[in-house]
Amino acid sequence: MKFSAAASFATLAATAIAGQDPHRVCCEALGAEKQLRGKVLLPGSVGYDAQLNTYYSANAALHAWCMVMPESTKDVQATVKILTKNQCPFGIKAGGHSAFKGSSGIAKGVTVDFGHLNSTSYNPDTGIVSIQPGARWGSVYEFLNPYGVAAVGARTSVVGVGGFTTGGGYTFHSNSHGFSCDVVTNWEIVLADGSVVNANSNNNADLWKAQKGASGNLGFVTRIDQETVKGTLLWGGFTSYELSERDNVFVAYLDFVEKTEENSPDQAIVALYYDFTGFSIRSILTNNMGVANAPAFDGFLALSNTSSTVTSGPISEIIPQFTGPTPLGLYANWFTGMATNTLEALTIIDDLHHKYATMMQAAAPNSNFSTLVELQPVTNSMVDNSVKRGGNILGLERVVKDGPVLMWLVSLTVDTEENQKVILPIAREFVDAINKAEKKAGHWIDWVYLNYAWKDEKPFSHYGKDNIKLLHTVSKKYDHNGVFQKLRQTGFKL
Ligand SMILES: Cc1cc2nc3c(=O)[nH]c(=O)nc-3n(C[C@H](O)[C@H](O)[C@H](O)COP(=O)(O)OP(=O)(O)OC[C@H]3O[C@@H](n4cnc5c(N)ncnc54)[C@H](O)[C@@H]3O)c2cc1C
Ligand SMILES: *[C@@H]1O[C@H](CO)[C@@H](O)[C@H](O)[C@H]1NC(C)=O
Ligand SMILES: *[C@@H]1O[C@H](CO)[C@@H](O)[C@H](O)[C@H]1NC(C)=O
Ligand SMILES: *[C@@H]1O[C@H](CO)[C@@H](O)[C@H](O)[C@H]1NC(C)=O
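Residues numbered from 1 in each chain as written. Chains lettered and ligands numbered in written order. Predicted model: local features only at pLDDT ≥ 70, side-chain atom pairs only at ≥ 80, totals over all residues.

Where an unreviewed UniProt entry is consulted, the protein chain appears under the name FAD-binding PCMH-type domain-containing protein, with the organism given as Pseudogymnoascus verrucosus. In its Sequence similarities (unreviewed entry) section, UniProt records this for the protein chain: "Belongs to the oxygen-dependent FAD-linked oxidoreductase family." (UniProt positions renumbered as here; feature names shortened; annotations may be inferred.)

Here's what the structure looks like:
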């Protein structure tokens, strides 16, 4: 598509050059664009305030100069042309479920919010689902349910497709299908120059592969085509144990992970939790064919539990259970790292969790906060399924070469900004302490998952030389001027 500037737009661009306030220039140019009529939200408007309330983490809900709410690929093309022409700093938001300040919304610039680009369609002949980036996984599962298929998507309903899949996407189908990005057969992407391309194994194959993990570095992803999974049933739930069972739960988890078979439908997570009611430990066991109590879970099933919610049903009905309340607007912060699949590595994390959560509570006695530590594996079967489908840029082949590993997530959620000021520094010490202790014990592994990472954890720097090189090459080829490195201010850069 050729670039054509409206008269008013050219005038505004000229004013920008004359040194006008970029804030006004960018938002006025967007507002003057016919294609975007009614889709540019200004501060103080009802629509603008409503969008601010859609962010999971209050840290990420920044007051942009203005927000653009594209409703079509054409709208995104018009938007990017104006942003580049006027050198407007911008942020990208899809489902708004990344957590840190500057992860999606932007304060000094324009937030491009995909919230209204949220539809799903399915082709029963090909088995391919086409999803717009602003869709939430809950709506995708519900949409697909009548067709008897499921998507390789998030484990909670509220998470957005755009950030989740472009950043990788760990799912209940990962042992059997890889990450969410691995089942992507085609990305529709609006590039920095305003053109729209399809990237798949035949066309723009370098972009197809690089986008499997590149997040917002290469362009605006406007449609995601994925292979689906036959059958909709999922068995799973939360099972709670006495804290005294900790070592037995860890051993059951480690053994389960070591014995994971190729393409297994079974997966397990251990979740350690703290809030003002105390510490708790739970497992999340799932079978993505709906089979109850599969033999792989024998180790877990032999433990005595204090309560369990495991049940079987369509994934669209089971997923909301894992979502829980997930309230919006609290101060959420996520951190991640990797260690060996060993009892010592798990014990280090749990012991430090007890120490630091207690310190947080003492430092802010009247705060209402929680810490969640999730322990979940990256298995050889996951990585084999990635490679089989053309590969991604996560660089996990090296990581699992000696067997499955542990990916840990630390999530801190605080009620107020004042309490966060006190607690967050302690959470950061907690994360540093985990890395330090795992290094000292010889269990630290050099890998950081982008979708869980805190702003300074530099996920790409852990993905390996070849993948970094591919990302840079593809970025230079499809975004010569580095618009998504310079003007994009949110998320992670290369
Ligand atoms: C309750 C909860 C559950 C979660 N469960 C899982 C899980 O099961 N597995 C897992 O792997 N992760 C999970 N996550 C993490 C999740 O993958 C990330 O938070 C992800 O960024 C969410 O996607 P989003 O669209 O909601 O994010 P947003 O915050 O909207 O976007 C995050 C980043 O993605 C990029 N991006 C978004 N849309 C586009 C686009 N259209 N084009 C280019 N770049 C884009 C942008 O750079 C943006 O900075 C969970 C998070 C939460 C809060
Ligand atoms: C898409 O977004 C619109 C506007 O926010 C909302 O009303 C609608 O319910 C969403 N559709 C789906 C399928 O979630
Ligand atoms: C939990 O305990 C109950 C009662 O002993 C048992 O029937 C059930 O199988 C257990 N569930 C899990 C997932 O361990
Ligand atoms: C603490 O916060 C959680 C999450 O918002 C809320 O459900 C709970 O009621 C709060 N508890 C107290 C004691 O304020």
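Concerning the site of ligand 4
Taken together, Pro 327, Leu 330, Asn 368 and Asp 415 are the residues near ligand 4. In the shell around ligand 4, the residues fall into 2 nonpolar, 1 polar and 1 charged. (Near = placed C-beta within 6 Å. Nonpolar A, V, L, I, M, F, W, Y, C, P; charged D, E, K, R; others polar.)

A short note on the site of ligand 1
Around ligand 1 sit 34 residues in total, of which Gly 95, Gly 160, Gly 162, Gly 163 and Gly 216 are the nearest. Secondary structure elements with two or more residues in the shell around ligand 1: β3 (90-93), α6 (161-166) and β10 (220-227). When residues in the shell around ligand 1 are grouped by element, the largest group, 4 residues, is from α6. Partitioning the shell around ligand 1 into residue classes produces 12 nonpolar, 20 polar and 2 charged. Formed jointly, the shell around ligand 1 draws a minimum of three residues from each of two domains, domain 1 (9-116) and domain 2 (120-230). (Helix = DSSP H or I, 4+ residues; strand = E, 2+ residues; numbered from the N terminus. Domains from an automatic or database assignment.)

So, the nonpolar core
As a rule of thumb, nonpolar side chains are buried together in soluble globular proteins. Of all hydrophobic cores here, the largest spans 154 residues; its most connected members are Leu 30, Cys 66, Val 110, Ile 189, Tyr 253, Trp 408 and Val 410. Once you skip the residues sitting within four places of it in the chain, Leu 30 turns out to touch Leu 36, Val 40, Cys 66, Val 68, Thr 79, Ile 82 and Val 110. (Core = buried A, V, L, I, M, F, W, Y, C linked by C-beta atoms within 7 Å. Buried ≥ 20, exposed ≤ 12 C-beta atoms within 10 Å, placed from the backbone. Contact = placed C-beta atoms within 7 Å.)

A closer look at the UniProt feature "domain: FAD-binding PCMH-type" (unreviewed entry) in the protein chain
UniProt marks residues 60-231 with the feature "domain: FAD-binding PCMH-type" (unreviewed entry), using the numbering shown here. With 22% helix and 25% strand, residues 60-231 has its two end C-alpha atoms placed 36 Å apart.

Section: the domain arrangement of the protein chain
When the parts of a complex come together, some accessible area is lost, and that lost area is often taken as the interface size. Assigned domains of the protein chain: these are domain 1 (9-116), domain 2 (120-230) and domain 3 (233-462). Of all the secondary structure elements, the ones that give two or more residues to the side of domain 2 that touches domain 3 are α5 (137-144), α7 (174-177) and α8 (205-211). By residue number, the principal contributor to the side of domain 2 that touches domain 3 is α7, which donates 4 residues.

Here's the deal with helix α12 (residues 343-363)
With 21 residues, α12 extends 30 Å between its outermost C-alpha atoms, agreeing within 8% with the 30 Å of an ideal straight helix rising 1.5 Å per residue. Within the sequence span of α12, burial applies to Ala 345, Leu 346, Ile 348, Ile 349, Asp 350, Leu 352, His 353, Tyr 356, Ala 357 and Met 360. Next to the buried residues of α12 lie α9 (246-258), β13 (266-275), β17 (331-340), β18 (369-378), β19 (405-414) and α15 (417-440). (Expected span 1.5 Å × (residues − 1).)

Some details on the sheet that holds β3
Read across the open sheet, the 4 strands follow the order β1-β2-β4-β3; overall the sheet is mixed. In the strand order of this sheet, the two ends are held by β1 (40-41) and β3, each with one partner. The sheet contact formed by β3 and strand β4 (residues 110-113) spans 4 bridges and is parallel. Directly across from Lys 93, in β4, lies its bridge partner Asp 113. (Pairing = 2+ DSSP bridges.)

Here we look at the sheet that holds strand β5 (residues 120-123)
Taken together, the 5 strands give an open sheet; going across it, the order is β5-β6-β10-β8-β9, and neighbouring strands pair in antiparallel fashion. Looking at strand neighbours, the two that pair on one side only are β5 and β9 (196-200), the edges of this open sheet. Taking the axes of each pair of neighbouring strands and ignoring which way they run, one obtains an average angle of 15° across the sheet. Across the sheet, helix α4 (residues 73-85) touches β8 (184-190), β9 and β10, and the angle it forms with β8 is around 45°. Sheet contacts for α5: β5 and β6 (128-131); angle to β5, the most-contacted strand, approximately 35°. (Axes fitted to C-alpha atoms, helices over the stretch in contact; angles between N-to-C directions.)

Thoughts on the packing of α9 against α12
For the pair α9 and α12, the least separation of the axes is 10 Å and the interaxial angle reads 135°. By the angle between their axes, α9 is oblique relative to α12. Here the hand of the crossing between α9 and α12 comes out right-handed. Residues Arg 246, Phe 250, Val 251 and Leu 254 of α9 touch α12, and the partners they reach there are Leu 343, Leu 346 and Asp 350. Split by residue class, the contact of α9 with α12 holds 5 nonpolar, no polar and 2 charged. (Parallel < 35°, antiparallel > 145°, perpendicular 65-115°, else oblique. Left-handed = near helix turned anticlockwise from the far one by under 90°.)

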